[in-house]
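# Analysis of the macromolecular model
Listed below, chain by chain, are the residues.
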Amino acid sequence: MEYLVILIAAVFVNNIVLSQFLGICPFLGVSNRISTSIGMSGAVLFVMTIATTVTYLLHQYILVPSGLDYLRTITFILVIAALVQMVEIILKKVSPPLYQALGVFLPLITTNCAVLGVAILALGLENGSLLKAVFFALSHAIGFSLALVVFASIREFLELADLPEGMKGVPINLLVAGLLSLAFLGFAGLV
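Scoring rules and cut-offs
Residues numbered from 1 in each chain as written. Predicted model: local features only at pLDDT ≥ 70, side-chain atom pairs only at ≥ 80, totals over all residues. Heavy atoms only, no water. Axes fitted to C-alpha atoms, helices over the stretch in contact; angles between N-to-C directions. Helix = DSSP H or I, 4+ residues; strand = E, 2+ residues; numbered from the N terminus. Parallel < 35°, antiparallel > 145°, perpendicular 65-115°, else oblique. Left-handed = near helix turned anticlockwise from the far one by under 90°. Nonpolar A, V, L, I, M, F, W, Y, C, P; charged D, E, K, R; others polar. Salt bridge = Lys/Arg side-chain N within 4 Å of Asp/Glu carboxyl O. Buried < 20%, exposed > 50% of the residue type's maximum accessible area, 1.4 Å probe, protein only. Core = buried A, V, L, I, M, F, W, Y, C linked by side-chain atoms within 4.5 Å. Contact = heavy atoms within 4.5 Å. Disulfide = S-S within 2.5 Å. Lys, Arg positive; Asp, Glu negative; His and termini not counted. Polar contact = N/O pair within 3.5 Å; in protein donor to acceptor, adjacent residues only side chain to side chain. Phe/Tyr/Trp six-rings, centres within 6.5 Å; stacked < 30°, edge-to-face > 60°.

## Considerations on the packing of helix H3 (residues 34-63) against helix H7 (residues 130-159)
Viewed as axis vectors pointing N to C, H3 and H7 meet at an angle of 165°, and their least axial separation amounts to 9 Å. Considering the angle they form, H3 stands roughly antiparallel to H7. Crossing angle aside, the handedness with which H3 passes H7 is right-handed. Among the residues forming the contact of H3 with H7, the class breakdown is 19 nonpolar, 8 polar and 1 charged.

This is the structure:
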């Protein structure tokens, strides 16, 4: 039951993008096409889950016992950067079209505050264990993916809509992102 609460809270109630406003850069930048947003979602899911696992273990078994937990943020950033480089190399070999489509946004996962934020938030879980931290990260990655894919589908639909000239592009995207955030706010009473 506890894991179901974590899942619902992470995906709907405390969505990392729409409620906590972390990861806005890739949310706005990669959401032009559904295919690109799905690729970015997969990359973020992988990096967020692995980064949380590695950073949790580093924090619990190296930083805290040696009294170096004040180095948590810089250590986490270095781990995330290394993982993003690994994902970039793998995507370049496995799926060159997806690598090309993600372009500059793939290295932006390194600076994606959602990945760092989830890794840090996972340390503060009540009765936290590695399994709970990994599930927490996976749940937040699913929430990030849901927000990104829904936003991308709305943006694709809006390309065909007859909008006033002043609303095309950034203004309508920000308006839709705000409305999407309000829609997710409706889930606030669930957990």
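Picking up where we left off.
## A short note on the pattern of salt bridges
Taken as a whole and judged by the stated rule, the model has 3 salt bridges. Salt-bridge contacts for glutamate 159 lead to arginine 33; the nearest nitrogen and oxygen are separated by 3.1 Å. Remark: arginine 33 occurs in the loop between helix H2 (24-29) and H3 and glutamate 159 occurs in helix H7; sequence separation between them is 126 residues. Assessed through its relative accessible area of 48%, glutamate 159 is described here as partly exposed. As a salt-bridge pair, glutamate 165 and lysine 168 come within 3.6 Å of each other at their nearest N and O atoms. Glutamate 165 gets classed as exposed once you look at its relative accessible area, which sits at 64%. Given the relative accessible area of 42%, lysine 168 is considered partly exposed.

## A few points about the nonpolar core
Ranked by size, the top nonpolar core spans 46 residues in total, and within it Phe27, Met48 and Ile109 carry the most contacts. Taken together, the elements giving at least two residues each to this core come down to H3, helix H4 (72-94), helix H6 (113-123), H7 and helix H8 (170-185). Element by element, the count of residues in this core is highest for H7, at 9 residues. Once residues lying within four places of it in the same chain are set aside, the contact partners of phenylalanine 27 are Val17, Leu18, Ala147, Leu148, Phe151, Ala177 and Leu180.

## Observations regarding the state of the cysteines
Inspection of every chain in the model, using the stated rule, returns 0 disulfides. With no disulfide of its own, cysteine 25 has cysteine 113 as its nearest cysteine by sulfur position, at a separation of 8.8 Å. Relative accessible area serves as the criterion here: at 34%, cysteine 113 is assigned to the partly exposed category.

## Looking at the packing of H4 against H6
Relative orientation of the contacting elements H4 and H6 amounts to 130°, with a least axis distance of 10 Å. One way to sum up the angle between H4 and H6 is to call them oblique. Handedness of the crossing formed by H4 with H6: right-handed. Contacts between H4 and H6 involve Arg72, Thr73, Phe76, Ile77 and Ile80 from the former and Val115, Leu116, Ala119, Ile120 and Leu123 from the latter. Considered class by class, the residues forming the contact of H4 with H6 number 8 nonpolar, 1 polar and 1 charged.

## Quick notes on the side chain of arginine 155
Residue placement: arginine 155 occurs in helix H7. It is glutamate 159 that comes nearest to the buried, bridge-free arginine 155 among opposite-charge side chains, at 6.3 Å. Within the structure, arginine 155 has its side chain in polar contact with the side chain of serine 31 (distance 2.7 Å). Ignoring any residue separated from it by four or fewer positions in sequence, one finds arginine 155 in contact with Leu28, Ser31, Asn32 and Asn173.

## Describing the packing of aromatic side chains
On inspection of all chains with the given rule, the structure shows 5 aromatic pairs. Ring centres of phenylalanine 27 and phenylalanine 151 lie 4.4 Å apart, and the angle between their planes is 20°; this geometry places the pair in the stacked category. With phenylalanine 27 in helix H2 and phenylalanine 151 in helix H7, this residue pair connects regions lying 124 residues apart in the sequence. The pair phenylalanine 27 / phenylalanine 151 is uniform in exposure class, with both members buried. Each residue in the set Phe12, Phe184 and Phe187 is aromatic and connected to the rest through ring pairs, giving one cluster.

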